[in-house]
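Each chain is listed here by its residues.
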Amino acid sequence: MSAEPARLLSPLSLEKSAQLTRLVDGLDADVLYWLSGYLAAVGAQRRAGSASPPVAAPAATAAPQASVTILYGSQTGNAKRVAEGLAREAEAGGLAVRLVRADAYPLRELAGERLLYVVISTQGEGDPPDDARGFVEFLASRRAPKLPQLRYAVLGLGDSSYPQFCAIGNAIDTRLAELGASRVLARGEADVDLDAVAKPWSESALRHAREILKSTPVAAKVTPLRVPVAAGAWHRARPFAAPVLANQRITARDGGRDVRHIELSLEGSGLAYEPGDSLGVCATNAPALVEAIVAALGEKPDRGIAIGGDEHAFATWLGEKRELTRLTRPFLVAHAERARADALDRALKPGGEDALRRILSDYQLVDLLREFPAHWHANDLVAALRPLAPRLYSIASSRKAVGDEAHLAVALVAYEAFGSAHRGAASAFLSPKGDADHVPVFIEPNDRFRLPADPARDIVMIGPGTGVAPFRAFLQERAETGARGRNWLFFGNPHFRSDFLYQVEWQQALKQQTLHRLDLAFSRDQSEKVYVQHAIRRAGRELFAWIENGAHVYVCGDATRMAKDVDAALAELFVTHGGLEREDAAAALARMAQARRYARDVY
Amino acid sequence: MAATPLSPVERIKSASRRLRGTLAESLVDPVTGAIADDDTQLIKFHGSYQQDDRDLREERRLQKLEPAYSFMIRTRLPGGVVGAKQWLALDAIATTHANGTLRLTTRQAFQFHGVIKRELKTTLKAINAALIDTIAACGDVNRNVMVSPNPVESRAHASVYDWAARLSEHLRPRTRAYYEIWLDEERVAGSGEEDEPIYGATYLPRKFKIAFAVPPTNDVDVFANDLGFVAILDGGELAGFNVTVGGGLGATHGDAATYPRLADVVGFVSAERLFQVAEAVLTVQRDFGNRSERKRARLKYTIDDRGLDWFVGEVERRLGAPLEPARPFAFEHSGDRFGWIEGRDGRWHLTLHIESGRIADREGGAQLSGLREIARIHRGDFRLTPNQNLIVAGVDNADRASIDALVERFGLDGFRTASSLRREALACVAMPTCPLAMAEAERYLPDLVTRVEALLDKHRLGDVPILLRVSGCPNGCSRPYLGEIALVGKAPGRYNLMLGADAKGQRLNRLHRENVAEPEILETLDALLARYAGERGAGERFGDFLVRTGIVPARESVKIPMEILT
């Protein structure tokens, strides 16, 4: 009913219509808005009788010197959100703004840029977000132009539990200065509680922009900004208490890892999500862990502590408001000052990177307090600890298949260390949740991880471990919508018998031909370790044929190693089967990413 | 007359290209630990059953994991004889590829349990490397040929064993499928269309079992077999065989058209004509057996449906001559002779008790390790008995002491320490691997025996021998219908209590209490054993007592020529 009348109203021939579909497939909303403006301008010129085609202006914007360009590179959507907020404010303040994602930014325009704000995150071990790879490489290369005319500021986003905290933001900030640009504002380094830094930085950036652009006449407002869809009444700061419908272990009892399939009800919340989106879970810390920390400090749990106008009991701060299971470098520094322990000091000095990495990955706060005792005032401790951040899980269901539910695949983090049982915060929080319980959640959209708009496109999904979660959603969606494109899944885990997540569902999907191919890599079932990248190589010729045929490729899961290895294996396909040189292969992948045919949701 | 449709298994066999099906593809399908449905029928002919750990079935269903599939592999081992080196090879296979146990079956075969799909081919290769194969160990063909392992009557026994092994070879399917799929033999022209001179393209309607008994011991339970040969000795030499046909114990609960049946003795044949008789019996069943309804497909139903006279006539027609009249013989019992026995050639044989035939290292005895140690020093061979026990055979007098020491050290001395009840008890595998099991058997047997032993004590019956058999389902792997006391599984914890067989394998028992749980079983036995203690005759067996007193209605015994003559 809905598609046909639309086509009848369309003035395009079927062929043109198909061309248009192909052209816009994979472009995101920003680009489409821009295209609409661009095409409107083309139309206006044609109507005015101009014979010459319009200049392929990169953006129908005001004169560059009169506007501020806000460029973002975002993996999980945080940087994008901050950038959008800044753009909205600037626009509201009457400034001309161009908001652009890093991979949509025409690099040659940098030389003419006058005011540039960069909001960019750092992934894993100091990597740029996927959409900013090209921008970061260009800037670091010798091809980067001198930028004496440019004024700029950089806001880096990161996670201080990684040693390379905000490395990309810092590198860009330093490099722009090297290229002769002048810094408007000291760079920001926002941690997981990003508003604490991002908000003041944005306000300050806005003030400076107003001053700088004040003298310049304000051009017409032309860049339509994409207004983020409001996710209803529930959001990060006000999560919805979702009833738990199921909490089922989906690894066998002899398996190493406890992975849970959790089903939550979103009924009545108005929360909606698309395949590819994540669910934010606002976990609180385990009471036993809070008790252990309070005890290690010799403090009273009910001591009232006020910070920033917020007053709570010490135990409440620790239980509900502070990160206890992941340490950060700044906290280590503060602790080292108090502990006066050689081992800590060495780890924080140049040359101590390996030791630092080990401490950040292996130690929780309680371990640090026990091994390197130090005197902390409860107040100072709470102030020094990072606010407890929600955990994001790729949603493993499609609403078309499950209705008002959201399904998650959660790998529980549980291990023995330093003589006691350790749990991840969300793991300890989620694992005991049963029928009568609720979990505070919100939707975290991920527009960068979307099924092809064209249902006839093939897709290749690479999701080892719990990285397979969004692909369960993808398959459900494609089955429900009757998408004609073929679906190919790569999955891997340690053992076939115990860790084959959703095995029965994939078998069913293969039988029903909603999944067309499933390639597996169980690393520990034979003497040599086999991972998904090996499966990719093994299937190389055919996989490359799919890609050549327009397939979209998705990767989800571990960023530290898997995503890199898979990236390398994919690039290799272009060399081995496409006859490209190594550098060209990387560029080909980058082009795929830019065309939204290679998307990653890695963490 | 409307043709009755063939059973689905007949179609699978027929389309299988001589038992190949899609087994090769199934083995390399990485998405599942199972094989394709049709292949689960075909793999039986190769000596393997697909099973799954039923203890985990529900748990894994909730975990969105497929059942924990694994495969049972059964050897084809006529008479159950293996050398010491072969023993060590089988032990290594059990330890490396299976669940670390060796299971001795009631048909003198080894079973490996818990072999996962991707280990299956390696395991079968290793078994074949030990010069043992598994072809036709299961499936609608002649299965493992049983031979009384009694090594005492040395010369005659050797001769009987020899005939049995040759018959087993003669009746082996001719398809090369086994060698192509498991041993990587190259496919040659005609692959998939091999001539099966005895079986034809669809093999037999159902399994077919052959046993050779050497009187006076009926340890093979010859009357429970489709085809039996009872060795007739003349001055210590083999003169030929009495032929028995139509035995079979399987039944289906609640289906009166199915029942256990003991074989009829139909004549005598000289050893030279053994193959001809076997082929004639087998081909009559091939041509006339029921291929529509598998539970009515065994030879016993072909005979009962058409009459024994018709059947013998048809066999004789194929032989071109009548069978000679059966010759007299007598069986004394169907059990094993435990402990050391000297053979006529002066070599010694030690029969060990293996509870339920399961050789494992576990608390109370490292039997697998112990037998490994024995195999390392043993210069004779090993013989599996039809009662799930094991004979260390052909030992020089001088080597007995060192074997005794190992027997002691590794808890293999059950033959000396256990009660008669325990030593003679049989149980099939049942839970958790057997897909047919309705109730526990092997895992339940030790406790059940202990409780019945307590009743024997209570009634001062001491070490009285009673044949106790437990089966997880009515199909009869532990030959429950020949137990003086038998439990046939109906549901978890519930059994049909069967009573009153004799101890020679010549009279079936009867259903006494239907679908009862342990308390009722023990209560019933308590009362009956009390009467037995007070009223039994000298040397009277419990089963015979029950029939004599009318507690269990009499049931016709097999007609033995000895009795016919006298």
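First, a word on what this report is: a plain description of the structure on this page. Per chain, the residues get numbers from 1 upward, laid out in the order the sequence is written. Here chains are named by letter from A upward and ligands by number from 1 upward, in the order in which they appear as written. Whole-chain, interface and lining totals are the exception, using all residues; otherwise, since this is a predicted model, local features are given only for residues with pLDDT of at least 70 and side-chain atom pairs are given and counted only at 80 or more. Each side-chain value is worked out from all heavy atoms of the structure, with water and hydrogens disregarded.

1. Examining the overall build of chain B
- Only DSSP runs of H or I with at least four residues qualify as helices, and only runs of E with at least two residues qualify as strands; both kinds are numbered from the N terminus onward. When helices and strands are tallied, chain B shows 19 helices and 22 strands.
- As a reference, a globule follows 2.2 Å times the number of residues to the power 0.38, and the radius of gyration itself is taken over C-alpha atoms. Scaling as 2.2 N^0.38, a compact globule of 566 residues should have a C-alpha radius of gyration of about 24 Å, and chain B matches this with 23 Å.
- Based on the C-alpha atoms only, the size of chain B along its principal axes is roughly 70 × 55 × 50 Å.
- Taken across its 566 residues, chain B has 62% of its residues classed as buried.
- Contacts: residue pairs with any heavy atoms within 4.5 Å of one another. Long-range pairs, those at least 24 residues apart, make up 68% of the contacts in chain B between residues at least 6 apart in sequence.
- Only the protein chains shown count as cover for residues, with accessible areas throughout obtained via the Shrake-Rupley method and a probe of 1.4 Å. On chain B, roughly 21100 Å² of surface is accessible, and the fraction owed to carbon and sulfur atoms is 51%. We call a residue buried when its accessible area falls under 20% of the maximum for its residue type, exposed when it is over 50%, and partly exposed in between, using a 1.4 Å probe and counting protein chains only.

2. Notes on the overall build of chain A
- Looking only at helices and strands, chain A has 23 helices and 21 strands in total.
- The buried share among the 603 residues of chain A stands at 52%.
- In chain A, of all internal contacts separated by at least 6 residues, the share reaching a separation of at least 24 is 76%.
- Counting only carbon and sulfur atoms, one obtains 52% of the accessible surface of chain A, whose full area is about 27400 Å².

3. A closer look at the interface of chain A and chain B
- Taken together, the contacts link 20 residues of chain A with 17 residues of chain B.
- Both faces considered, chain A and chain B share a buried interface measuring about 1600 Å² in area, 51% of it formed by carbon and sulfur atoms.
- For chain A, the biggest contributors to the area lost against chain B are Arg253(A), Phe496(A) and Arg497(A); these three give 35% of the whole.
- One speaks of a salt bridge when a side-chain nitrogen belonging to Lys or Arg is within 4 Å of a carboxyl oxygen belonging to Asp or Glu. At the boundary of chain A and chain B, one finds three salt bridges. Two parts placed together each lose some accessible area under a 1.4 Å probe, and the buried area is that loss summed for both.

4. Some points on the pairing of strand β17 (residues 459-462) of chain A
Residues and elements named next belong to chain A.
- Going residue by residue along β17, you find Ile459 and Met461 tucked away on one face and Val460 and Ile462 tucked away on the opposite face as well.
- Where β17 and strand β18 (residues 487-493) come together, four bridges link them in parallel fashion. Residue pairing for β18: Ile459 is matched across the bridge by Asn487.
- When the strands point away from the viewer and the path from the first strand over the helix to the second turns clockwise, the crossover is right-handed. The handedness of the β17 to β18 crossover, carried by helix α17 (residues 469-481), is right-handed.
- Taken together, the four bridges between β17 and strand β20 (residues 552-557) define a ladder with parallel strand orientation. Note that in β20 the partner of Met461 across the bridge is Tyr554. Any two strands between which DSSP finds at least two bridges are classified as paired.

5. Focus on the side chain of Asp191(A)
All names here are of chain A.
- Mapped onto the elements of the fold, Asp191 is located in the loop between β6 (188-190) and α7 (195-214).
- A relative accessible area of 12% places Asp191 in the buried class.
- Separated by 2.5 Å, the side chains of Asp191 and Ser160 make a polar contact.
- Discounting chain neighbours no more than four positions away, the residues touching Asp191 are Gly158, Asp159, Ser160, Phe165, Thr328 and Arg386. For this analysis, a polar contact is any N or O atom pair within 3.5 Å, provided that within protein one partner can donate a hydrogen and the other can accept it, and provided that sequence-adjacent residues contribute only side-chain to side-chain pairs.

6. Considering helix α16 (residues 445-458) of chain B
All names here are of chain B.
- Every helix has an expected span of 1.5 Å times one less than the residues it contains. For α16, built from 14 residues, the straight-helix expectation of 20 Å at 1.5 Å per residue is met to within 8% by its first-to-last C-alpha distance of 20 Å.
- Of the positions making up α16, those classed as buried are Leu445, Leu448, Val449, Val452, Glu453, Leu455 and Leu456. Along the long axis of α16, the arc covered by the buried residues comes to 155 degrees, so they all point the same way. For α16, exposure combined with an orientation more than 90 degrees from the buried face picks out Asp457 and Lys458.
- Where α16 is buried, its residues contact α15 (420-424), β18 (426-427), β19 (468-471), β20 (485-491) and α17 (518-535).
- Trailing α16 by a residue or two, Arg460 shows a phi angle of about 50 degrees, which is positive. Along the arc lie the directions from the helix axis toward the C-beta atoms.

7. Regarding the sheet that holds strand β11 (residues 339-342) of chain B
Residues and elements named next belong to chain B.
- Ordered in space as β3-β16-β17-β12-β11, the five strands form an open sheet in which the pairing is antiparallel. In this open sheet, the two strands that pair with only one neighbour each are β3 (81-83) and β11. Averaged over all neighbouring strand pairs, the angle between strand axes comes to 25 degrees, with direction disregarded.
- Bridge count between strand β12 (residues 348-352) and strand β17 (residues 390-395): four bridges; the pairing is antiparallel. Paired with Thr351 across the two strands is Ile391, which belongs to β17.
- Here an angle of 0 to 180 degrees is reported between the N-to-C directions of two axes, which are lines fitted to C-alpha atoms, with helices fitted over the stretch in contact. Against the sheet, helix α5 (residues 84-96) touches β3, β16 (381-384) and β17, its axis set at about 90 degrees to β3.
- Lying on the sheet, helix α12 (residues 367-377) is in contact with β12, β16 and β17; it crosses β16 at an angle near 140 degrees.

8. Details of the environment of Asp55(B)
- With respect to the helices, strands and loops of the structure, Asp55(B) is situated in the loop between β1 (48-52) and α4 (57-62).
- Placed 416 residues apart in sequence, Asp55(B) and Ser471(B) show a C-alpha to C-alpha distance of 18 Å.

9. Focus: the packing of aromatic side chains
Residues and elements named next belong to chain A.
- The pairing test for Phe, Tyr and Trp rings, Trp by its six-membered ring, is centres within 6.5 Å, and the orientation test on the planes gives stacked under 30 degrees, edge-to-face over 60, and tilted for anything in between. Counted by the stated rule, this structure contains 37 aromatic pairs over all chains.
- Plain terms: the ring middles of Tyr363 and Phe372 are 6.4 Å apart, the flat faces sit at 25 degrees to each other, and that makes the pair stacked. Residue Tyr363 shares its accessibility class with Phe372, and that shared class is buried.
- Ring centres of Phe474 and Tyr554 lie 5.0 Å apart, and the angle between their planes is 85 degrees; on these two criteria the pair is classed as edge-to-face. Pair noted here: Phe474 is in helix α17 and Tyr554 is in strand β20, with a separation of 80 residues, a long-range link.
- Looking at Phe474, the relative accessible area reads 0%, which means it is buried.

10. Concerning the packing of helix α4 (residues 78-92) of chain A against α7(A)
Residues and elements named next belong to chain A.
- Where α4 contacts α7, the axes come no closer than 10 Å and their chain directions differ by 35 degrees. As α4 packs across α7, the resulting crossing turns out to be right-handed. From α4, Val82, Leu86, Glu89 and Ala90 reach across to α7, where they touch Ala198, Trp201, Ser202 and Leu206. In this scheme the handedness of a crossing depends on how the near helix is turned from the far one: anticlockwise by less than a right angle means left-handed, clockwise means right-handed.

11. Focus on the side chain of Asn387(B)
Residues and elements named next belong to chain B.
- With respect to the helices and strands, the residue Asn387 is situated in the loop between β16 and β17.
- Among the residues examined, Asn387 registers a relative accessible area of 7% and is labelled buried.
- Reaching out from Asn387, the side chain makes a polar contact with the side chain of Asp336 at a distance of 3.1 Å.
- When neighbours within four sequence positions are excluded, Asn387 is seen to be in contact with Asp219, Ser334, Gly335, Asp336, Leu426, Arg469 and Arg479.

12. Points about the sheet that holds strand β10 (residues 264-270) of chain B
All names here are of chain B.
- With respect to topology, five strands assemble into an open sheet ordered β6-β7-β8-β9-β10, the strand pairing being mixed. The sheet terminates laterally at β6 (146-147) and β10, the two strands that pair on one side only.
- Pairing between strand β9 (residues 237-245) and β10: six bridges, direction antiparallel. Paired with Val243 across the two strands is Gly267, which belongs to β10.

13. Some points on the pattern of salt bridges
- Going through the model one piece at a time under the given rule, you end up with 85 salt bridges over all chains.
- Among the ionic pairs, Arg541(B) bridges to Glu484(B), the shortest N-O distance being 2.6 Å. Taken together, the positions of Arg541(B) in the loop between α17 and α18 (542-548) and Glu484(B) in the loop between β19 and β20 put the pair 57 residues apart, joining distant regions of the chain.
- Through salt bridges with shared partners, a single ionic network connects Lys80(A), Glu84(A), Asp277(A), Asp447(A) and Arg450(A).

Don't take any of this as a statement about function, it's just geometry.
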